[in-house]
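So you can see what is in the structure, the chains are spelled out below.
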Amino acid sequence: MATGRTHRPATRSRGIPEATVARLPLYLRALTALSERSVPTVSSEELAAAAGVNSAKLRKDFSYLGSYGTRGVGYDVEYLVYQISRELGLTQDWPVVIVGIGNLGAALANYGGFASRGFRVAALIDADPAMAGKPVAGMPVQHTDELEKIIEENGVSIGVIATPAGAAQQVSERLIAAGVTSILNFAPTVLSVPEGVDVRKVDLSIELQILAFHEQRKAGEGQDDTAEDAGTEAPAAAAKPARKGPDGDVPAVMQA
């Protein structure tokens with residue numbers, strides 16, 4: 001089976017916009033669910049609703065893949081699963097290393113969706129000598145001293161960082177120096193990487209803060225409506241004192 005080191009997805013060379021690339025996994029997830037139910041075809045409207053986009057955007061996205069569907073029939077589900085999987089590079093094996101096996105890293109290691117989506121966890125790596133050799137998700141944790149050797153032996157081009165913020169930059173530099181060209185970063189910090197290295201950041205606290213903003217706005221709109229009904233002006237919301245987080249802004253679940 002091919003490894004991630006020698007094969008790269010063709011999306012950039014084929015001129016597919018990044019926004020479309022970002023939606024392809026949504027389509028694939030919806031299509032996989034249809035395939036598991038043995039649904040042979042799906043309309044653009046049905047698939048768009050399942051993926052959470054509008055149908056015009058979906059048809060535009062699929063035009064970049066050269067897939068236009070059949071009028072009155074829709075899209076062939078199995079063919080689209082193959083087509084999108086191939087475009088995303090999921091028809092080959094992508095070995096991945098996870099660095100930082102605290103609570104979050106261990107949860108990622110135990111996630112069963114990697115293998116079914118074209119990814120193989122090649123190694124679990126942690127800086128704590130006490131973790132070395134401990135089994136997590138059926139794999140022994142290896143010390144960071146072995147990082148470069150592990151990457152070379154497994155042909156790893158994708159690294160997952162689940163360390164505390166203070167260690168993440170150094171870890172990313174070692175990954176990149178060893179040949180990793182794509183990083184999924186769960187550490188609460190922005191990584192500085194050279195051109196040609198792709199970084200995707202997952203920050204749960206930021207997502208929650210965005211949701212809090214929307215909840216606050218919805219609550220404010222409700223107050224405005226009540227004030228209008230009463231014929232009075234809604235008082236300005238009192239500013240709440242900021243709550244200080246722990247030093248380093250590192251969630252407790254992200255221990256090294």
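Anything mentioned here points back to the structure above.
These figures come from a predicted structure and were not determined experimentally.

Considering the packing of aromatic side chains
Alright, step 1. For the structure shown, the criterion picks out three aromatic pairs.
Alright, step 2. With a centroid separation of 5.1 Å and an interplanar angle of 85 degrees, the aromatic rings of phenylalanine 62 and tyrosine 75 are classed as edge-to-face. Taken as a pair, phenylalanine 62 in helix α3 (residues 55-65) and tyrosine 75 in strand β2 (residues 75-76) lie far apart in primary sequence, 13 residues in all.
Alright, step 3. Pairing tyrosine 111 with phenylalanine 114 gives two aromatic rings, centres 5.1 Å apart and planes at 85 degrees, and the pair type is edge-to-face.
Alright, step 4. Assessed through its relative accessible area of 43%, tyrosine 111 is described here as partly exposed.
Alright, step 5. With a relative accessible area of 19%, phenylalanine 114 lands in the buried category.
Alright, step 6. Here the aromatic residues Tyr27, Phe62 and Tyr75 are joined through ring pairs into a cluster of three or more.

Things to note about helix α2 (residues 44-51)
Alright, step 1. Turning to α2, its buried residues number three or more, namely Ser44, Leu47, Ala48 and Ala51. Projection of α2 onto a plane perpendicular to its axis shows the buried side chains occupying an angular sector of 100 degrees, all on one side. Residues Glu46, Ala49 and Ala50 are exposed on α2 and point more than 90 degrees away from its buried face.
Alright, step 2. Residues of α2 that are buried sit in contact with α1 (18-36), β1 (41-42), α3, β2 and α4 (77-88).
Alright, step 3. One or two steps after α2, the chain reaches glycine 52, where phi turns positive at roughly 80 degrees.

Topic: the pairing of strand β3 (residues 94-99)
Alright, step 1. Most of β3 is tucked away: six of the six residues are buried.
Alright, step 2. The two faces of β3 match: Trp94, Val96 and Ile98 on one face and Pro95, Val97 and Val99 on the other face are all buried.
Alright, step 3. As paired strands, β3 and strand β4 (residues 119-126) are joined by six bridges and run parallel to one another. The residue of β4 that forms the bridge with tryptophan 94 is phenylalanine 119.
Alright, step 4. With four bridges joining them, β3 and strand β7 (residues 158-161) adopt parallel strand pairing. Within β7, the residue paired with valine 96 across the bridge is isoleucine 158.

Some details on the nonpolar core
Alright, step 1. In this structure, Tyr27, Leu31, Val42, Leu47, Leu58, Phe62 and Ile84 are the most contacted members of the largest nonpolar core, which totals 23 residues.
Alright, step 2. For this core, the secondary structure elements donating two or more residues are α1, α2, α3 and α4.
Alright, step 3. Looking at which element gives the most residues to this core, the answer is α1, with seven residues.
Alright, step 4. Beyond its immediate chain neighbours, meaning those up to four positions away, phenylalanine 62 contacts Tyr27, Leu47, Ser67, Tyr75, Leu80 and Ile84.
Alright, step 5. The next biggest cluster of nonpolar side chains, apart from the first, holds 20 residues, and it includes Ala123, Ile150, Val171 and Val197.

Some thoughts on α1
Alright, step 1. Relative to the 27 Å expected for 19 residues at 1.5 Å per residue, α1 spans 28 Å between its end C-alpha atoms, a close match to the ideal helical length.
Alright, step 2. The inward-facing, buried residues of α1 contact β1, α2, α3 and α4.
Alright, step 3. Looking one or two residues beyond α1, the residue adopting positive phi is serine 38, at roughly 60 degrees.

Reading the values: rules and limits
Residues numbered from 1 in each chain as written. Predicted model: local features only at pLDDT ≥ 70, side-chain atom pairs only at ≥ 80, totals over all residues. Heavy atoms only, no water. Phe/Tyr/Trp six-rings, centres within 6.5 Å; stacked < 30°, edge-to-face > 60°. Helix = DSSP H or I, 4+ residues; strand = E, 2+ residues; numbered from the N terminus. Buried < 20%, exposed > 50% of the residue type's maximum accessible area, 1.4 Å probe, protein only. Arc of directions from axis to C-beta. Contact = heavy atoms within 4.5 Å. Pairing = 2+ DSSP bridges. Core = buried A, V, L, I, M, F, W, Y, C linked by side-chain atoms within 4.5 Å. Expected span 1.5 Å × (residues − 1).

Note that every value here comes from positions in space, so none of it alone points to a role or purpose.
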